[in-house]
Amino acid sequence: MRIKRVFFSKQSAVLLLGVLMAAPGVRAEDPDAVIEAELPSLGELYKRIHAAPELSCLEKETSAELAGQLTAAGFEVTRPVGRYSDPARACYGVVGVMKNGPGPTVLVRGDMDALPIEEKTGLPYASTVRAADVGGTVCPVMHACGHDMHTTVLVGTARALAALRSSWSGTLVMLGQPAEEFGAGSRAMLDDGLYGRWPVPDYAIAEHVDPGLETGQVGYRPGWAMASVNSVDILIRGVGAHGARPHQGKDPIVIAAQVITALQTIVSREIDPVETGVVTVGSIHGGTKHNIIPDEVRLQLTVRSYTEEVRRTILQAIERITVNTCRAAGVPEDRMPVIELSADQYTPALYNDPELTRRLAGVFR
């Protein structure tokens, strides 16, 4: 099965499906007028979603809002859609379908989840939400990655195309994806029969806000557009001791520092210079007091790449460097590091279909 897909970057709502589903011999209504009429209520919807963010795997109210909006626009809506391997976790995916005669099937995707970040924008509709994540940790919550805008754009696109249905023919599938920040929601929806229970799309389209683009500009890239993401957890296990007697222990903090520095040589010395990759240590935690050498230090990494070969090289190098740095420090074999690749937090690289990208870029121009 090959689905042509494209992922655009833009700062405002877009309507681009007419080029894919235009009904022959029918003069299209003015989409600008339709969108203009919807903007005030869409602005209020955006503020409402922004002020009430929900973390990954917890998008209950946001998905209910989206489902209600799609239903009101005339779509046949199913919610929740998605199945995780852990039956205790709920998946709040939303699928809305509008069948409008013969023609191609187009899927339009937006995501819904927020991030564990404190908002400091000072906006009148800024988030003040604090909530427990799926692990039970209470944290501030904010839409810092634009998923509030993506959900709003999804609603606006659905409303506009419903109003313009005399101008196009085919099947429209609107998809609200949960847990995008984990990379888990899309797999959960596929595992729940997304391409079996609903029409398989001929085209799949998504867009993303980008603060690097001025309002009114559209960014696009044929081919590779966004890197794959792997989350790696490393537990470096040393031997604890008194801070004044470091020779009696194996200091995991010093080992962690050496590992972090050595990891930066993977991309510069093991990856072909014409390829790209990123290894970032985003979190390091260890120790409790000034004068105590702890037993362990925990690192959290994000790994980015485009090709599977580069991805494998980086992950293998992370394990090799970490294990052998511990060995070089004299850590006992029964205290070797534990390196875990999170299956829940992996997304493959995004490849935009070049033909579809050029076709839609022409519409924007």
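Higher on the page you've got the structure.
Please read all numbers here as calculations on a predicted model, not as lab measurements.

A.B. asks: Requested: an account of the packing of helix H2 (residues 31-51) against helix H4 (residues 147-163), with residues and values cited.
C.D. replies: Each packed pair of helices is defined by two parameters, the angle between the axes and the distance between the axes. Viewed as axis vectors pointing N to C, H2 and H4 meet at an angle of 150°, and their least axial separation amounts to 9 Å. In terms of orientation, H2 and H4 fall into the roughly antiparallel class. The handedness of the crossing between H2 and H4 comes out as right-handed. Contacts between H2 and H4 pair Val34, Ile35, Glu38, Ser41, Leu42, Leu45, Tyr46, Ile49 and His50 from the former with Asp148, Met149, Thr151, Thr152, Val155, Gly156, Arg159, Ala160 and Ala163 from the latter. The residue makeup of the contact of H2 with H4, split by class, is 10 nonpolar, 5 polar and 3 charged.

A.B. asks: Account for the nonpolar core, with residues named and values stated.
C.D. replies: Within the largest apolar cluster, 25 residues are counted, with the highest numbers of intra-cluster contacts made by Leu66, Leu70, Phe75, Leu172 and Met174. Looking at this core, the elements that each hand over two or more residues are H2, helix H3 (60-72), strand S3 (93-100), strand S4 (105-111), H4, strand S7 (170-177), strand S8 (203-208) and helix H10 (354-364). Broken down by element, the residue count for this core peaks at 5 residues, all from H4. Beyond its immediate sequence surroundings of up to four residues, Leu66 is in contact with Val94, Met112, Thr151, Leu154, Val155 and Gly176.

A.B. asks: Account for unusual backbone geometry, with residues named and values stated.
C.D. replies: Note the cis peptide between Arg79 and Pro80, where omega equals -5°. For Pro80, the position within the fold is in strand S2 (residues 76-81). Even without glycine at this site, Ala179 takes up a positive phi of about 50°. By the element assignment, Ala179 lies in the loop between S7 and helix H5 (185-191). For Ala179, a relative accessible area of 0% corresponds to the buried category.

Reading the values: rules and limits
- Residues numbered from 1 in each chain as written.
- Predicted model: local features only at pLDDT ≥ 70, side-chain atom pairs only at ≥ 80, totals over all residues.
- Heavy atoms only, no water.
- Axes fitted to C-alpha atoms, helices over the stretch in contact; angles between N-to-C directions.
- Helix = DSSP H or I, 4+ residues; strand = E, 2+ residues; numbered from the N terminus.
- Parallel < 35°, antiparallel > 145°, perpendicular 65-115°, else oblique.
- Left-handed = near helix turned anticlockwise from the far one by under 90°.
- Contact = heavy atoms within 4.5 Å.
- Nonpolar A, V, L, I, M, F, W, Y, C, P; charged D, E, K, R; others polar.
- Core = buried A, V, L, I, M, F, W, Y, C linked by side-chain atoms within 4.5 Å.
- Buried < 20%, exposed > 50% of the residue type's maximum accessible area, 1.4 Å probe, protein only.

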